[in-house]
Amino acid sequence: MTPRTRTRSRWQVLAVIAVLVGLLAAVCSSSDDSQDDNGGGSSDTSAASGDLAENVPVDAPGVTDTEITYSVLASATGDPTGQCGLPCFETGIQAYFDYVNTEKGGIYGRRLVAAEGIDDEFGKNLEKALEVIAADDTFGTFSNSSLPTGYQSFADEQIPLYVWASNPVAMQGNESIWGENTVRCLQIGCWDRVVPYLMKVSGRHKLATVGYGIAQSSKDCAQNQAQSVEQAKAQIGSDAEAVYVNDNLPFGMPNGAAPEVTAMKNAGADIMATCIVNSDVKTIMQEAKRQGLDILPLLTNIDEEALVSAAGAFDGGYFRNAVRPFAADLNEAQEKYNEYVEKNGGKTAEITLYGWINAALAYEGLVQAGPDFSREKVVEGTNTLTGFTAAGLTAPMNWTTGHTAPTPTDTSNNNEFECYGISKIDGGELVLEGDPAKPFTCWPGTDDWQWTSGWPQDMSFD
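Residues numbered from 1 in each chain as written. Predicted model: local features only at pLDDT ≥ 70, side-chain atom pairs only at ≥ 80, totals over all residues. Heavy atoms only, no water.

## Observations regarding the overall build of the protein
Condition: To qualify as a helix, a DSSP run of H or I must reach at least 4 residues; to qualify as a strand, a run of E must reach at least 2; elements of each kind are numbered from the N terminus. Burial status follows relative accessibility: with a 1.4 Å probe on protein chains alone, a residue under 20% of its type maximum counts as buried, one over 50% as exposed, and anything between as partly exposed. Using the Shrake-Rupley algorithm and a 1.4 Å probe, accessible areas are obtained, with residue cover drawn only from the displayed protein chains.
Within the protein one finds 14 helices and 15 strands. Considering the protein as a whole, with its 462 residues, one finds that 61% of them fall into the buried category. Here the protein displays about 16,100 Å² of accessible surface, and carbon together with sulfur accounts for 47% of that area.

Listed below in structure tokens is the structure:
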């Protein structure tokens, strides 16, 4: 299989879904940096009892004396978001399992196995989930679904489920569902610190922010970004302000972007935060060039294909993601990821990396459960992890509190750090901002989203 290169960001995918099917879900970790050498573990890695080679009889679905089998459920066809779903996700999972089976001899005398992927055809996630549950022949499930209607059914049965965390609502309160990130704040008021930070870095102080009128998540995102400027005015500069806010854009920009760009120009905007898909950002940026408006886009992500097709429209702008950037200095986990993804015939891609991280968490859950593991013990063990990083591929995730969303006034459930990988778009290429050896730009995660003195800081979690 040959997955695409980097896919759209979580938020952008949700925006499309919200527009197309009314799914309104907003997308808006311990300080121990020590890691083991498993290429996908965490600072919490240690067997609950016995050792990782001990093989004892286990009576659980999908488990034999020699194998532990997981199902993979995602969209390969029919997804209007255009994301690389099943093939990329499946590649990342299989690559990690191959790594563990080859270099670790599996776990508890058993190989980790990913069953052939199941295509939910975008609109059939619940139907396919019920089929997986009824078959009851796999130990756990991985799912990457833009429309995750079947997730609750897995949770009701307490079947371990590892997902692309594009839908935090599905994870909220469900202790047997985990993603490549914990549940994030779902409310207006958990403001976005990256927007004011990039305003400061770029020297651009007049913000325009845009969202879709048909998607509440997009509207909230645009409003949060505008509010963020006021919250961080002292850090950006006294003249910083959100000069233009439009949370009522039509999806697809069917009438073009001329009126929007003219309004931004008249308002004096010189930097734009977006809560819309990249194709619509491209439309705006091309119109801005036509009108002579010098404005930088701030993107939640950008794939390499879009960089090429944009023909320079995004140059000078920035993008961010919550996983270790591909442009960072390679740590051991990235080296193993690259090696085993290539062996599987795939390419490094965002959703492929999510699959790898999910598989690493599934392995860690087995480690915590011990040789006489069960679904129940894996759920309990995974939720004792306080600093899971997949060996430095994410900031530390605290799964003791990770299923309860923080709020604007209570961040006690948040991870210890809120971190992003930030890159600048230069000549159609991505250039990492900051120290490539410490590629995460981080703030404290439990400070009610204030801009704490001395932060952000460049960090690494190897």
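## Considerations on the nonpolar core
Here is the rule: To define a nonpolar core, start from buried Ala, Val, Leu, Ile, Met, Phe, Trp, Tyr and Cys residues and group those joined through side-chain atoms within 4.5 Å. Only heavy atoms matter for contacts: two residues are in contact if any of them lie within 4.5 Å across the pair.
Counting residues in hydrophobic clusters, the biggest one holds 72 residues, and the most contacted among them are Y70, F142 and L366. By residue number, the principal contributor to this core is helix 13 (residues 350-369), which donates 13 residues. With sequence-adjacent residues up to four places away left out, L366 is seen in contact with I68, Y70, I107, Y108, L112, F139, F373 and V378. Grouped together as the second largest cluster of nonpolar side chains are 31 residues, W191, M199, I236 and F440 included.

## Here's the deal with the state of the cysteines
In plain terms, the rule: Only a pair of cysteine sulfur atoms within 2.5 Å qualifies as a disulfide here.
Throughout the structure, instances matching the rule amount to 4 disulfides. Covalently, C419 is tied to C442 through a disulfide, its sulfur atoms 2.1 Å apart. Residues C419 and C442 are joined through a disulfide that is right-handed, its torsion about the S-S bond being 115°. Residue C419 is located in strand 12 (residues 417-426), and its partner C442 is located in strand 14 (residues 440-444); the two are separated by 23 residues in the primary sequence. Assessed through its relative accessible area of 6%, C419 is described here as buried. The connectivity of the disulfides in the protein is 1-2, 3-4, 5-6, 7-8, where the numbers refer to bonded cysteines in sequence order.

## A look at the packing of helix 13 against helix 14 (residues 375-382)
Cut-off, in case you're wondering: In this description, a line fitted to the C-alpha atoms serves as the axis of each element, helices being fitted only across the stretch in contact, and the angle between N-to-C directions of two axes falls anywhere from 0 to 180 degrees. Roughly parallel covers angles under 35 degrees, roughly antiparallel covers those over 145, roughly perpendicular covers 65 to 115, and oblique covers all other angles. Residue type decides the class: Asp, Glu, Lys and Arg count as charged, Ala, Val, Leu, Ile, Met, Phe, Trp, Tyr, Cys and Pro as nonpolar, and the leftover types, Gly among them, as polar.
Two numbers describe how helix 13 lies on helix 14: the axes approach to 8 Å, and their chain directions differ by 105°. Taken together, the axes of helix 13 and helix 14 are roughly perpendicular relative to one another. Contacts between helix 13 and helix 14 involve L361, G365, L366, Q368 and A369 on the former and, on the latter, K377, V378, G381 and T382. The residue inventory of the contact of helix 13 with helix 14, partitioned by class, reads 4 nonpolar, 4 polar and 1 charged.

## Examining helix 2 (residues 86-103)
Stated precisely, the cut-off is as follows: For a helix, the expected span equals 1.5 Å multiplied by the residue count minus one.
End to end, helix 2 covers 26 Å across 18 residues, agreeing with the expected 26 Å (1.5 Å per residue, within 8%). Burial of helix 2 is extensive: 13 of the 18 residues sit out of reach of the surface. A positive phi of about 70° marks G105, the residue just after helix 2.

## Points about the environment of D294
Mapped onto the secondary structure, D294 falls in the loop between helix 10 (278-291) and strand 10 (296-299). The residues contacting D294, other than those within four sequence positions of it, are R204, A269 and D270.

## A word on the pairing of strand 1 (residues 67-74)
Note the following rule: Two strands qualify as a pair provided that DSSP identifies no fewer than 2 bridges between them.
Burial within strand 1 is extensive, with 7 of its 8 residues counted as buried. With 4 bridges joining them, strand 1 and strand 2 (residues 111-114) adopt parallel strand pairing. When the sheet's bridge partners are listed, I68 is paired in strand 2 with L112. Pairing of strand 1 with strand 4 (residues 140-144), which is carried by 5 bridges, proceeds in the parallel orientation. Bridge assignment links L73 to a residue of strand 4, and that residue is S143. As defined by bridge partners, strand 1 adjoins strand 3 (residues 118-119) across 2 bridges and the pair is classed as parallel. Considered in strand 3, the bridge of A74 is made with D119.

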